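# A closer look at the structure
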Amino acid sequence: MRLTIRRRAGRRAALLAVGAMTASLLLTAPQQATAGPPNLLSNPGFETAGAAGSDMPSCWSKSGWGDNDFTFSTVADAHGGTKAMKVSLTRRVNGDRKALVTENSTCAPTVTPGKQYDLSAWYKSNTPDVSVTVFRRDTTAGWQYWTDLQNPPVSAAWARTEVRTPAVPPGTDKIAWGLSVYGVGTLTTDDYALEEVGAVPPQPACSGTAEECAKGKWQVIPAQNPVRSMHAVVLKNGKVLLIAGSGNDIAQFNAGTFTSAVYDPANGSFKTIPTPVDMFCAGHVQLADGRVLVMSGNKGYPSADGSIGYQGLKDSYTFDPTTEKYTKTNDMNGGHWYPSATILGNGDVISFGGLKEDSTGNVTAEKFSAAQNKWLPMNQVNQTWSYWGLYPSMILMQDGRLFYSGSHTFGNGTPGTGASIYDYDANTITDVPGLRNKDERDESASVLLPPAQDQRVLTIGGGNNERNPAANRLTDIIDLKQPSPAYTAGPPIPQGLVDQGQGKRPQTGAEGKMFVSAVLLPDGKVLETGGGLHDRADPVFEASFFDPTTNTYQAGLATDPIPRTYHSASFLMPDGRVMSVGDNPGNGTYNHNVSIYTPPYLFKGARPQITSVIDTQWVYGDTQRITVNRPVAKAELIRPAAVTHSSDPNQRFVDLPMTVVNGTTIDLNVTSNPNLAPPGWYMLFAVDANGIPSIATWVHLGGPSALAATQEQPSAHEHTFADQLGPAKDNPAKRDSAPVAPSATGCDRHYGTANVCVPTRFPAEVQATTKARCDWLASHTYPKRLKVNGSDPLRLDPDRDGYAC
């Protein structure tokens, strides 16, 4: 059972100090408002004894799990009445203990889906390792863990904790809850309450056309993107870094012309930024201080005859949003064209995969030390010598392990099931089952669904650039909280219109899309947009919302009028809109139009406003007070995008459980687990009951430098979490690289220049004749005379004049 996370030294002492200070503030603060009667709990103060022979009060049960020594006792040291519940842990390897509302029809209160409830209790504790833990009864699946809502601070005197639940999920009829203690110490509780939030939100009023209010609206802005951006990063100041490098243009590469641009949404301007190397198809991630770490890129394009493929750079840079300049770091240990980039809970960055300087597959893991501001030597990084492919989607799990979702770019997936869990500390890889069509997940999108605390991952669409079938409609979902997690089938992607060179037509059958974008929105839904039917061709015009609460798509949204396939990106902006850039089809062209999507929630009426944030420097396990101009239903942190090639494994939506002081003053409970919300800058949104978000306020989440060293500490409560995996795979023997064919990118290099991609295999509906293939190339606006480099394997040059078609 893996339930420890790496935290920094001094963490416990810091939490004790912060907790004591917070407790004193809570005791002197105005009394927090409650939702009013009735209290829906039976025996909330433990005053009624249990049935004969029971050692627990009526409607309360001993609960918990794991390897620990504990005691439960009903004591006279009460806040109200004559009894309270005392739970102590004297030894703890893992797990927790808690007094829990009994999970039966008599004791567990009935709740209404869609409603919110205020939970409160009085407590005393001498440990920071306490959480408010809630279970729900699903009318189909029965009782199951729901969420942890709060980490009450240490308090020697009686203190009151209160927190508001998220909206109760569909299919829930009852909830049970209690305060868990998951570290060595003692917790005493009394006078619990569960009260329904009675306020009725105002009805939304449509401020646009009926169609805009139902489907949203796309707008192509007048200014054009000045660079062929392959990468997009939303910076901590709300601007957007767009990285092109050579922009998949070999002429620019040969001229040494490498570009980036910064877009400022405040005035719609673009500023071109000097770019030191070819960052085309690099990796990137935002560091804890807001700088952008950009790793690898393109050392060289494929040779004309295709005997060598793309070559990866060792180079690495940081981009400073304040100075808008690149600064070189030390080099990586090897080249990684198309590397992954995942920030860890301690602020370090881990990277896998990509192509080396000689176009072979890179099998070494790379680790960037945040404390040392450098890439570590290879012998200081755990190695499995595994080849993860190109842009493998590596998502940080709540316990510090990495989930490889199966999304990647180009070629077939890794051996085995196509998805796996990597334990860096143990240096083991264990497959997880259930991912359908694992070798047709090229350019699929994977995203950690809202909220991150739920630990569910959605994988959308994909294809295969080697065989070039029609892209699929597959949606697969995995719940990493399950003891033996496995992908399960989700609803198929809604279909739209596809343009295959003869005008738009409706998609049919199993036609889906690859190169898809998935964007987390502040209302808790996922915008699925863009994509194409085949490798670098045939754009699909369709967009939908995926609702993680119901696991359903809302089809028929407004569609981006600009095709968005290869080298496109869509991402959330701080004002709640979505920006889309790029499109680089196989004929080598690039679309410089920029589209902005206004979701329907911005046509529902006035937006709530965050009127003050007392402190924008947040610490894990903290309570942060904000004020709003009117009641809101939830608040969250959304990590700003760093996206390329349908991939942004660091994108996440972290719920901030609310303690409602009054209608305009709210205390937000910040997770104590940095693996759920890695350190860095986040967009703070407040969202009302109609799903209308505020404009984001930027806050920084992290901790003081005194917490630099790591030590083992208990994790937040998870009683079943990926703890019954199958046997780990045998790691390969130490090796220099993995063989990768030069045609890994799906392009036949016998034709045209390196930035033109004639497919190695044409779509199935194209007959294997010169005429049919040349007609397909013409309908997709390829150059009329493509130079033949050497032989003519596709028979595109029947007159042998050295030019195709």
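Residues numbered from 1 in each chain as written. Predicted model: local features only at pLDDT ≥ 70, side-chain atom pairs only at ≥ 80, totals over all residues. Heavy atoms only, no water.

## Quick look at the overall build of the protein
- Looking only at helices and strands, the protein features four helices and 58 strands.
- Over its C-alpha trace the protein gives a radius of gyration of 27 Å, about what one expects of a compact globule, namely 28 Å for 805 residues.
- With the C-alpha coordinates of the protein rotated into their principal frame, the extents come out at 100 × 60 × 50 Å.
- Relative to its full complement of 805 residues, the protein shows a buried share of 61%.
- Considering only residue pairs separated by 6 or more positions, the protein has 65% of its internal contacts joining residues 24 or more positions apart.
- Carbon and sulfur atoms form 53% of the exposed surface of the protein, whose accessible area is close to 27300 Å².
- Considering the protein, the positive charge centre built from 68 side chains and the negative charge centre built from 74 side chains are found 1 Å apart. (Helix = DSSP H or I, 4+ residues; strand = E, 2+ residues; numbered from the N terminus. Rg over C-alpha atoms; globule rule 2.2 N^0.38 Å. Buried < 20%, exposed > 50% of the residue type's maximum accessible area, 1.4 Å probe, protein only. Contact = heavy atoms within 4.5 Å. Areas by Shrake-Rupley, 256 points an atom, 1.4 Å probe, with all protein chains shown as cover. Lys, Arg positive; Asp, Glu negative; His and termini not counted. Charge placed at Lys NZ, Arg CZ, Asp CG, Glu CD.)

## Digging into the sheet that holds strand β28 (residues 402-404)
- Taken in spatial order, the four strands line up as β27-β28-β29-β30 in an open sheet, and their pairing is antiparallel. Looking at which strands have only one partner, the edges of the open sheet turn out to be β27 (394-396) and β30 (428-431). Neighbour-to-neighbour, the strand axes of this sheet turn through a mean angle of 25 degrees, independent of strand direction. (Pairing = 2+ DSSP bridges. Axes fitted to C-alpha atoms, helices over the stretch in contact; angles between N-to-C directions.)

## Some details on the pairing of strand β29 (residues 420-423)
- Side chains Ser-420 and Tyr-422 of β29 all project onto a buried face; the interleaved residues Ile-421 and Asp-423 project onto the opposite face, where all are buried too.
- Judged from the three bridges that link them, β28 and β29 form a sheet pairing that is antiparallel. Looking across to β29, one finds that Leu-402 is bridged to Tyr-422.
- Where β29 meets β30, four bridges bridge the pair, whose relative direction is antiparallel. Of the residues in β30, the one forming a bridge with Ser-420 is Asp-431.
- Hairpin connection from β29 to β30: four residues lie between these consecutive antiparallel strands, with Asn-427 at a positive phi of about 60 degrees.

## Topic: the pattern of salt bridges
- Applying the stated criterion across every chain yields a total of 34 salt bridges.
- Residue Asp-67 is joined to Arg-91 by a salt bridge in which the shortest nitrogen-to-oxygen separation is 2.8 Å. In this pair, Asp-67 is assigned in the loop between β2 (60-65) and β3 (68-75) and Arg-91 in strand β4 (residues 84-92), connecting sequence segments 24 residues apart.
- The class of Asp-67 is partly exposed, set by a relative accessible area of 36%. (Salt bridge = Lys/Arg side-chain N within 4 Å of Asp/Glu carboxyl O.)

## Some thoughts on the state of the cysteines
- Within the structure shown, the criterion is met by four disulfides.
- At a sulfur-sulfur separation of 2.1 Å, the disulfide partner of Cys-747 is Cys-757. On the sign convention where negative means left-handed, the S-S torsion of about -100 degrees between Cys-747 and Cys-757 marks this disulfide as left-handed. With a gap of ten residues between them, Cys-747 in the loop between β56 (710-714) and α4 (770-779) and Cys-757 in the loop between β56 and α4 connect regions that are remote in the sequence.
- There is a disulfide in this structure between Cys-774 and Cys-805, and the S-S distance comes to 2.1 Å. Judged by the torsion about the S-S bond (-85 degrees), the Cys-774/Cys-805 disulfide is left-handed. Of this pair, Cys-774 sits in helix α4 while Cys-805 sits in the segment after β58 (803-804), and the two are 31 residues apart along the sequence. (Disulfide = S-S within 2.5 Å.)

## Some thoughts on unusual backbone geometry
- Cis geometry is adopted by the peptide bond preceding Pro-451, which originates at Pro-450 and carries an omega value of -15 degrees.
- One can find Pro-451 in the loop between β31 (445-448) and β32 (456-460).
- At Asn-437, a residue that is not glycine, the phi angle is positive and equals roughly 50 degrees.

## Concerning the nonpolar core
- Counting residues in each nonpolar core, the largest one holds 52 residues, and the members touching the most others are Leu-521, Leu-527, Phe-571, Leu-572, Met-579 and Tyr-597.
- A per-element tally of this core places strand β54 (residues 680-687) first, with four residues.
- Sequence-distant contacts of Phe-571, defined by excluding residues within four places in its chain, comprise Ala-232, Val-234, Val-240, Val-519, Arg-577, Val-578, Met-579, Val-581, Ala-641 and Val-643.
- Grouped together as the second largest cluster of nonpolar side chains are 38 residues, Ile-421, Leu-448, Ala-452 and Val-457 included. (Core = buried A, V, L, I, M, F, W, Y, C linked by side-chain atoms within 4.5 Å.)

## What to know about the environment of Pro-522
- By the element assignment, Pro-522 lies in the loop between β37 (517-520) and β38 (526-529).
- With a relative accessible area of 0%, Pro-522 lands in the buried category.
- Along the backbone, Pro-522 and Arg-92 are 430 residues apart, and their C-alpha atoms lie at a distance of 38 Å.
- Setting aside chain neighbours within four positions, we find Pro-522 in contact with Leu-572, Tyr-601, Lys-634, Glu-636, Ile-638, Phe-653, Phe-685, Val-687 and Pro-693.

## Here's the deal with α4
- Those residues of α4 that fall on the buried side of the exposure criterion are Ala-772, Arg-773, Cys-774, Trp-776 and Leu-777.
- Looking one or two residues beyond α4, the residue adopting positive phi is Thr-781, at roughly 55 degrees.

## Some thoughts on the sheet that holds strand β49 (residues 634-638)
- Read across the sheet, five strands follow the order β47-β55-β54-β49-β51 without closing on themselves; strand pairing throughout is mixed. The open sheet has two free edges, formed respectively by β47 (617-619) and β51 (653-655), since each of these has just one partner strand. In this sheet, neighbouring strand axes are inclined to one another by 40 degrees on average, regardless of whether the strands run parallel or antiparallel.
- Sheet topology places β54 next to strand β55 (residues 697-702); five bridges connect them, and they run antiparallel. Within β55, the position partnered with Trp-681 by the bridge is His-700.

## Some remarks on the packing of aromatic side chains
- Scanning the entire structure with this criterion turns up 31 aromatic pairs.
- With a centroid separation of 4.4 Å and 35 degrees between ring planes, the pair formed by Tyr-338 and Tyr-391 is classed as tilted. With a gap of 53 residues between them, Tyr-338 in the loop between β22 (325-328) and β23 (342-343) and Tyr-391 in the loop between β26 (374-375) and β27 connect regions that are remote in the sequence.
- According to the relative accessible area criterion, Tyr-338 is buried, its value standing at 0%.
- Overall, the relative accessible area of 3% leaves Tyr-391 in the buried class. (Phe/Tyr/Trp six-rings, centres within 6.5 Å; stacked < 30°, edge-to-face > 60°.)

## Structural notes on the side chain of Asp-278
- Residue placement: Asp-278 occurs in the loop between β16 (269-274) and β17 (283-286).
- Here Asp-278 is buried and forms no salt bridge, its nearest opposite-charge partner Arg-228 lying at an N-O distance of 9.9 Å.
- Reaching out from Asp-278, the side chain makes a polar contact with the backbone nitrogen of Ser-246 at a distance of 2.6 Å.
- Every residue in contact with Asp-278, bar those within four places of it in the chain, is listed here: Ala-244, Gly-245, Ser-246, Phe-253, Phe-258, Gly-297, Asn-298, Tyr-301 and Leu-313. (Polar contact = N/O pair within 3.5 Å; in protein donor to acceptor, adjacent residues only side chain to side chain.)

## So, the pairing of strand β14 (residues 240-245)
- In terms of residue burial, β14 counts as a mostly covered element, since six of its six residues are buried.
- The alternating pattern of β14 places Val-240, Leu-242 and Ala-244 and Leu-241, Ile-243 and Gly-245 on opposite faces, both of which are buried.
- Note: strand β13 (residues 231-234) against β14, four bridges, orientation antiparallel. Directly across from His-231, in β14, lies its bridge partner Ile-243.
- The turn linking β13 back onto β14 is made up of five residues, and Gly-238 within it adopts a positive phi angle of 90 degrees.

## Description of the environment of Lys-787
- Positionally, Lys-787 belongs in strand β57 (residues 786-787).
- Those residues in contact with Lys-787, other than ones at most four positions away along the chain, are His-750, Tyr-751, Gly-752, Gly-802 and Tyr-803.

## Considering the confidence of the model for the protein
- With 93% of its residues at a pLDDT of 70 or more, the protein has an overall mean of 92.
- Confidence over residues 1-35 falls short of pLDDT 50; this stretch has 106 contacts with residues more than four positions distant or in other chains.
- With pLDDT under 50 throughout, residues 705-712 is counted as low confidence; its partners more than four residues away or in other chains account for 25 contacts. (pLDDT = per-residue confidence, 0-100.)

## Some words on the side chain of Gln-383
- Looking at the element boundaries, Gln-383 is found in the loop between β26 and β27.
- Owing to a relative accessible area of 11%, Gln-383 belongs among the buried residues under this scheme.
- Within the local environment of Gln-383, its side chain forms a polar contact with the backbone nitrogen of Ala-365, the two atoms lying 2.7 Å apart.
- The contact partners of Gln-383, leaving out residues within four places of it in the chain, are Val-363, Thr-364, Ala-365, Met-378 and Asn-427.

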